[in-house]
Amino acid sequence: MTGQLAINGSRGWGVRRRSLLRRFAAGVAGAAIAVGLSACRGAAPPAASERTIQFWTLDLAPKFNTYLQGVITAWEQQNPGYRVVWTDIPWGSVERKLLAAVFARTAPDVVNLNPLFAANLASKGGLLPLDQVLPPGAPQAYLPLIWQAGRSAGPDGQPQQFAIPWYLTARITLANTRLLQQAGYSAPPRSWAEVPAYAEAVRRRTGRYALFVTVVPDDSAELLESLVQMGVTLLGPDQRAAFNSSAGRKAFAFWTDLYRRGLLPREVVSQGYRRAIELYQSGELAQVGSGAEFLRSIQTNAPQIAAATRPYPPITGANGEANVAVMTLAIPRQSKVAGKAAEFALFLTDAANQQRFAEQARVLPSSPGALQQLRRKLEAEQPANQPEALVQQARLLSADTLAQARVLVPASPGVKRLQAIVYTQLQRAMLGQISSDAALAEAERQWNAYAVGRFAGQASR
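Residues numbered from 1 in each chain as written. Predicted model: local features only at pLDDT ≥ 70, side-chain atom pairs only at ≥ 80, totals over all residues. Heavy atoms only, no water.

(A) Structural view of the overall build of the protein. Along the backbone of the protein there are 20 helices and twelve strands. A separation of at least 24 residues holds for 77% of the contacts in the protein among residues at least 6 apart in sequence. Surface summary for the protein: the accessible area is close to 17,900 Å², and the carbon and sulfur share equals 50%. (Helix = DSSP H or I, 4+ residues; strand = E, 2+ residues; numbered from the N terminus. Contact = heavy atoms within 4.5 Å. Areas by Shrake-Rupley, 256 points an atom, 1.4 Å probe, with all protein chains shown as cover.)

Structure follows, in structure tokens:
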């Protein structure tokens, strides 16, 4: 579980999770859930006890059974007469189970979602706007930029708070110091502006590649995030394309030029993030962006590469902003105990409980107090050996990254379509089929054609 969380943090929560969200966002379930939710709002409430909170998590059992059952027991003791029923759902079946619960009017009262899934549900009217149930000052208990990740557009198109942050992962750079030294570098670049010269030096002096950033449409969002770091505004307030700008043209030319010059592996256009992992562990890649815990996987799978690996800050843009992956808690609109459900969600995500979970799951907390406590604990640890010392260093670096981290590509019901359009057109430019400027213009045209149909109803309200 911990390794999976770390890897997922570097690539939008992993291939399985993105595949699930892609099917949901594509509209296969979207139209059905809109009908189901509309019917549910006018239907009689479910017959479940009004003193029972149904709580769903995703892929946390059985590893975290003791922790979660302990939190539930502590909350129940503070709220006599209320009972929390915990159900853990595998990622591969959460869409089916949640949709079935919506139609049966038995949706959970608190559900663990990532921002994209939450945004899809919120846009269909499936989630409760939390301003109705949160006490004053609730946002101050969370990192400000992370709290904003729980905001998305409701059925009327207006942004509201639909989710409470829970646990996080932040991408850092893991680099092969042997290849860095051969290329004449003591550390990998800190900004995208430094990457072209670095990539050329690595390729020319080592015969390897510097980095692997995929443009496979349904894979990692890392390249889309890099556009934001390069100063590109993806969408305007009307949800129309804003990326065909001076910054957008420079960013498209940046990636097109790297590929055409042979400074990126050829398979970035055909293979996803897993290929980056394979190349790094085989010594063919100078660096990879991932979560701190991925170091343990390298130490297991490629000990010689692990011996040369060191953690470094992530690549960012001019303003130093890094990306963070967030998991949240939301309250479905159907809940009959929304107030108590919100109290339980706030209890689960308070500083003390977040600190304990972050230590066990080796993730990062969204609570400033818990983050401070985690840092102090990490700094005080005395690792037993060099591999553990490197993991400790990487986790501290990951925690430091949160000071300037946010969700660079905000969740919206159309964000996966946006990524597919942008990546597909960028692929064409990389492969020399069209110029980078023409690819950008075509991406703008395709997105706006989609947005007219997808968001026209919201804009008219």
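Additional details are given in the paragraphs that follow.
(B) Representation of the pairing of strand 3 (residues 110-113) within the structure. Every second residue of strand 3 is oriented toward a common face, with Val110 and Asn112 on one face and Val111 and Leu113 on the other, all of them buried. Where strand 1 (residues 52-58) and strand 3 come together, two bridges link them in parallel fashion. Its bridge partner being in strand 3, phenylalanine 55 is matched across the sheet by valine 110. (Buried < 20%, exposed > 50% of the residue type's maximum accessible area, 1.4 Å probe, protein only. Pairing = 2+ DSSP bridges.)

(C) Spotlight on the nonpolar core. Core analysis: the largest hydrophobic core is formed by 74 residues, its most contacted members being Leu227, Phe243 and Trp255. Counting residues per element, this core draws most heavily on helix 19 (residues 415-430), at eight residues. Setting aside chain neighbours within four positions, we find phenylalanine 243 in contact with Val232, Thr233, Leu234, Gly248, Leu418, Val422, Leu440, Ala443, Glu444 and Trp447. In terms of nonpolar packing, the next biggest core, distinct from the first, is built from 53 residues, Leu58, Ala118, Leu329 and Val363 among them. (Core = buried A, V, L, I, M, F, W, Y, C linked by side-chain atoms within 4.5 Å.)

(D) Spatial organisation of empty space enclosed by the protein. As enumerated under the stated definition, the model contains six cavities of 30 Å³ or more in all. Its boundaries defined by the atoms lining it, the second largest cavity holds a volume of some 170 Å³. The wall of the second largest cavity is formed by 18 residues, among which Arg171, Trp192, Glu222, Gly289 and Ile315 lie closest to the centre. No other element matches the four residues that helix 10 (residues 222-229) contributes to the lining of the second largest cavity. When its residues are assigned to classes, the lining of the second largest cavity shows nine nonpolar, six polar and three charged. (1 Å grid on protein atoms, 1.4 Å probe; cavity = no way out; pocket = protein on both sides within 12 Å on 5 of 7 lines; lining within 4 Å. Points joined across faces, edges and corners; volume = space filled by probe spheres on them. Nonpolar A, V, L, I, M, F, W, Y, C, P; charged D, E, K, R; others polar.)

(E) Examining the pattern of salt bridges more closely. Per the stated rule, a full pass over the model turns up 16 salt bridges. The salt bridge partner of arginine 171 is glutamate 225, with a shortest N-O separation of 2.9 Å. Note that arginine 171 is positioned in the loop between strand 6 (163-170) and strand 7 (172-176) and glutamate 225 in helix 10, a separation of 54 residues in sequence. The class for arginine 171 is buried, based on a relative accessible area of 10%. Judged by its relative accessible area of 7%, glutamate 225 is buried. Look at the salt bridges and you will find they share partners, linking Glu200, Arg204, Asp257 and Arg261 into a network. (Salt bridge = Lys/Arg side-chain N within 4 Å of Asp/Glu carboxyl O.)

(F) Summary view of unusual backbone geometry. With omega at 0 degrees, the peptide bond leading from alanine 61 into proline 62 counts as cis. Of note in the backbone geometry, aspartate 59 takes a positive phi value of approximately 55 degrees without being a glycine. Residue placement: aspartate 59 occurs in the loop between strand 1 and helix 4 (65-78). By relative accessible area, which is 18% here, aspartate 59 ends up buried. One non-glycine residue, arginine 105, lies in positive phi territory at about 60 degrees. Relative to the helices and strands, arginine 105 resides in the loop between helix 5 (94-103) and strand 3. The exposure class assigned to arginine 105 is partly exposed, which follows from its relative accessible area of 34%.

(G) Spotlight on the environment of valine 363. With respect to the secondary-structure elements, valine 363 resides in the loop between helix 16 (351-361) and strand 11 (364-365). Classification of valine 363 by relative accessible area gives buried; the value is 3%. Each C-alpha atom, one on valine 363 and one on arginine 395, is 8.6 Å from the other, the two residues being 32 residues apart in sequence.

(H) Representation of the side chain of glutamine 334 within the structure. Along the chain, glutamine 334 falls in the loop between strand 10 (322-330) and helix 15 (338-348). A polar contact is formed between the side chain of glutamine 334 and the backbone nitrogen of alanine 107, at a distance of 3.4 Å. (Polar contact = N/O pair within 3.5 Å; in protein donor to acceptor, adjacent residues only side chain to side chain.)

(I) Region of interest: helix 5. Inspection of helix 5 places Val94, Glu95, Leu98, Leu99, Ala101 and Val102 among the buried residues, and these make up the whole buried set. With its buried residues spanning 160 degrees around the axis, helix 5 presents them on a single face. After helix 5 finishes, the residue arginine 105 shows a positive phi value of roughly 60 degrees. (Arc of directions from axis to C-beta.)

(J) Local environment of the packing of aromatic side chains. Scanning the model with the defined rule gives 14 aromatic pairs in all. Ring plane angle 85 degrees and centroid distance 6.4 Å describe the contact between tryptophan 192 and phenylalanine 254, whose orientation is recorded as edge-to-face. Taken together, the positions of tryptophan 192 in the loop between helix 8 (177-183) and helix 9 (195-206) and phenylalanine 254 in helix 11 (residues 246-260) put the pair 62 residues apart, joining distant regions of the chain. A single burial state applies to tryptophan 192 and to phenylalanine 254, both of which are buried. Taken together, the ring pairs connect Phe64, Tyr67, Trp166, Tyr167 and Phe357 into an aromatic cluster. Sitting above the plane of the tyrosine 209 ring, arginine 203 keeps its charged end 4.0 Å from the centroid. The ring of tyrosine 82 carries the charged tip of lysine 340 above its face, separated from the ring centre by 5.0 Å. (Phe/Tyr/Trp six-rings, centres within 6.5 Å; stacked < 30°, edge-to-face > 60°. Lys NZ or Arg CZ within 6 Å of the ring centre and 35° of its normal.)

(K) Region of interest: helix 10. Among the eight residues in helix 10, eight count as buried, and that is most of the element. Where helix 10 is buried, its residues touch helix 11, strand 10, strand 12 (405-406) and helix 19. Just beyond helix 10, the residue with positive phi is glycine 231, at close to 95 degrees.

Geometric values such as these leave the question of function open.
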